[in-house]
Structures are given as C-alpha cells and as structure tokens.
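Each chain, written out:
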Amino acid sequence: MAKIAAKTVFKTILLTSGWAKNIAVEVDDGGIISNISVGETGGIDGIAIPGIANAHSHAFQRAFAGKTEKRGKDGDDFWAWRKVMYSALKDVGPEELRAIAAQLYVEMLKSGYTGVAEFHYLHHQADGTPYENRTAMSDALITAATDTGIDFTLLPVLYMRGDFGEAGVDDDQRPFTNSPDDYSALLQMLQGKCQIGVALHSLRAVPEEIVREINSVSAGGPIHIHIAEQVREVNHCFETHGKRPVEWLLENADVNAAWNLVHATHINADEVAGIAESGATVVLCPTTEANLGDGIFPLENFLKAGGRYAIGSDSHVSVDPREELRLLEYGQRLTLKRRAIAGENPGATLWQGALGAAAMGDALDGIQVGARANIVVLDENSPAIAGCKGDEFLDALVFAGQPSPVRDVMAGGVWRVKDYHHPGEDAIKAAYLSTFNKL
Ligand SMILES: [Zn+2]
C-alpha cells in the first residue's frame, strides 16, 4: 500500500497565493492538503508546482495514436479517422484495456498530469453484447488507475444514437450504447468504486430530453459532453434545431459550473459569452484538435470573458501538458499574428489556468489547504529551466521544456514518480507491448 507523504517540505513552491520558500505541506489520509506552514528547513530541491488534470481521455485510443496517419483515396478527415478508430477497437476487451490504460497513465504521471478524467464509452463487446459483468471495462480502467496511482474520475458515457434525429446506431457503434435504464444501473454499480461523474457523448448521440434532465442524474458530480468539434456537426445541429450546438445547449440545459464542454471549437461571440457566464469549463485538447483538423478555439475572447478551461489529451497523439498548452497558445499566435496571447507570462497563465479540478469533480485547484495534494517538482538543474525565476519557470517549461524537467510527481499525497521514474513502469510497459502485439 503506497504511503501518504504526511508532511513534505519544499524549498521553492508555487502556492495558490504565489511563489513561496521553505514551505511544509501536510496531507491527510484522503490525499487532501490539510495544512501549509512557512519557515521550515531541510526542504527538497527543485521547483514545486501544482499538478495538472488531464480532463479528457479515451484510454483505448492510446494503442492507435500515431498509427492512423495515412490518407485514404477519398482524402482524410475526422470522419475517416473515426472509421479507422472504430475498426481498431474490436479486439480491445477488459484485459487489453487495462494494459493500455496502465501504460497511458504512467506516461501521464511522468509528464506532469496528476489526474485523469476518463470519458469512457467502450462498454461492451464488439457486437454490442454486454459483458457478463457489466462494469468489466470500467473496472479495467479503475484497476489501471489504482495500479499506477493517478488521481482518477470515471465518466461513464451515455451513447444512444448515431446522429441527430436517428433512432439507433451503426453496427460499429454497438459497443458504446446503453438505454437510459442500463446507464443508470451502470452508474449505480460503479458507486463507491472510484470518483465518478456523468457524460453524454454529444448532442448528436443522445435524445434532447436526456440533455435537459442530466443534472438530476449527476448527483452534483461533473457532467461532460463533446460539443461543436466539427463543422459538419454544427451544421447538422442547425438543420435539426435551427440553433448551433452550444447555443442550443445553453438554452435547453441547466449548464452550470459542473459542466465541462469538450472542444467547443466552433463557437460565436454570443456562445463565448454564454459559456463564460454559465461557469462551465471548456476542455481543450489542442494536439488532438490539430491532428483531426477540427479548428481553433477562440481563446483570447474566451479569456477576456472570464471563461474557465482545462486541457485533455483525448486521442493521446501527445501525452504531455506542455505540448497541449504550447499548441493552445501557438494556434492563437498563428491566427492573430501576435505573441503572448494568454497573458503577460503565457506559460504561467496557461498552466495555472488549466489545472482542471472542476473537470475531475474536485473542490479546489492548486496547492492550497483543501485541494488534492497533486504536486509536480521540476529539476532546477535541467537546462530547460536553468536561470529562471518565478513565473519564468512555467514559461520555459511550456515553451521550451525539452527534455522534460518534470522530476518528481505526487498524486493524492503519494509520490508516484521519483527521479524521473515510476516504480511500475517496466512491468507495465512489458504488459502493454505484449498486449499491443496481439491486437
Ligand atoms: Zn473525445
């Protein structure tokens, strides 16, 4: 049983209140920071910063990341990629999913992600037949999270139809589907196994009345939904409802701070203002959005409106918060032809803005009393950050942090990565490779 680091002293640390020296952080048995005190000696070397949540993950896609980069004879886009992804997942059962997820979660921890919100829709066997144990695939993910020690929130996904106005799904979508009753039963069976939220796959995949009522199902936990990722989806929504997806959602659902809108790429000025006002988090996945040719989120206007955001690695073409945040800022620079869009110190602004507690269903972000003890320690002797001070550490980390200076990682009060090494990484990699070779 991994041990909670009851009290750790840090020489240099970024608290929610700002940079500080010689700080002791105490953690309770539940992995929550219970006390922070100043004036301590004997602290560990390095630059301690808050860990970041990976707010959008489909673990099984890790096995196919980078392996779908071939243009077909009719060209390639999101929908062509989705076809390939569907055909690849037919051999992924609970055992395979567990091995893939464990490899992925080790990679996340080593890169500075201390938690993951798993948007889980691969519930059944390839032909749609449920496993005898209906939580088998969820259990595989929970076991991978427990084995690696990453903070974990499971978001079982409701998926009921192929597109707006359709009654059912295509054959290759059968592994994803549940009736509302089966979905409620699944949530019930998962209670107590881990932190859980709810997720609707997208507006196209669930009937409208479900979207309107989802707050009553979520029991106060986080609510996630893919939305406005693709222009075709925006157009279908408009043809069906006479409204754009985010516009429709804001008018028809009780969107509040529990909501997490994944992508929200294609939004106009009213939708930017509406999301910001609702308190919902937008979950941006810049490397996946770039890989799939989705488009560019209007970050500058969203930040001006006071909008909240988190990041996710989604399809896992990158598993590294530095790359997500760098690409997020670079997309803006390339579009607007200016620099430092996110803030005066854009790396520091983005890292601290994207911590993602709300997406996980946690109360507080950052290193403060009451928050999860999720702490990343950067190696101050790494060339990537040498000579920096204060916020410059985060700017250098995000924009030029290679090789990665992420040296130690604490998740939920337990050191999971020490000196660039996760204790389970060799065995987990071996299991992943043997699984992968069978797929
Ligand atoms: Zn996704």
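Please refer to the structure placed before this passage.
Being a predicted model, the structure only gives us computed values, none of them experimental.

Trainee: How should I be thinking about the sheet that holds strand β3 (residues 33-38) in this particular structure?
Mentor: Each strand in a sheet pairs with another by means of backbone hydrogen bonds, the pair being arranged parallel or else antiparallel. In spatial order, the strands read β3-β2-β1-β4-β14-β15-β16; together these 7 strands make up an open sheet with mixed pairing. Of all the strands in the sheet, the pair left with one neighbour each is β3 and β16 (414-417). Neighbouring strand axes in the sheet, compared pairwise and without regard to direction, differ in orientation by 40° on average. Two strands pair when backbone bridges link them, and strand β2 (residues 18-27) and β3 are joined in this way by 5 bridges, in the antiparallel orientation. Bridging across to β3, V27 finds its partner in I33.

Trainee: Would you explain the state of the cysteines in this entry?
Mentor: The bond known as a disulfide is covalent and runs between the sulfur atoms of two cysteines. Scanning the entire structure with this criterion turns up 0 disulfides. Of the cysteine sulfurs around C194, a residue in no disulfide, the closest is that of C285, at 20 Å. In this model C237 remains outside any disulfide bridge; the closest cysteine sulfur is found in C285, 20 Å from its own. Overall, C237 belongs to the buried group, its relative accessible area being 0%.

Trainee: Explain the coordination of the zinc ion here, please?
Mentor: For a metal bound by four donors in tetrahedral geometry, the ideal donor-metal-donor angle is 109.5 degrees, whereas six donors in octahedral geometry ideally sit at 90 or 180 degrees. Note on the zinc ion: its protein donors are H56 (NE2), H58 (NE2), H226 (NE2) and D314 (OD). The metal-donor distances range over 2.1 to 2.8 Å. Around the zinc ion sit 4 donor atoms, and with donor-metal-donor angles ranging over 81 to 174° the site reads as irregular. Mapped onto the sequence, the donors of the zinc ion take the spacing H-x1-H-x167-H-x87-D. The pair H56 / H58 is uniform in exposure class, with both members buried.

Trainee: What is the right way to read the side chain of R416 from this model?
Mentor: Following the sequence through the fold, R416 ends up in strand β16. The buried charged residue R416 lacks any salt bridge, with D151 as its nearest oppositely charged partner at 6.9 Å.

How each quantity is defined
Residues numbered from 1 in each chain as written. Predicted model: local features only at pLDDT ≥ 70, side-chain atom pairs only at ≥ 80, totals over all residues. Heavy atoms only, no water. Pairing = 2+ DSSP bridges. Helix = DSSP H or I, 4+ residues; strand = E, 2+ residues; numbered from the N terminus. Axes fitted to C-alpha atoms, helices over the stretch in contact; angles between N-to-C directions. Disulfide = S-S within 2.5 Å. Buried < 20%, exposed > 50% of the residue type's maximum accessible area, 1.4 Å probe, protein only. Donors = N, O, S within 2.8 Å, 3.2 Å for Na, K, Ca; no water. Tetrahedral: all angles 85-135°; square planar, octahedral: opposite > 155°, others 65-115°. Lys, Arg positive; Asp, Glu negative; His and termini not counted. Salt bridge = Lys/Arg side-chain N within 4 Å of Asp/Glu carboxyl O.

These values are about where atoms sit, not about what they do.
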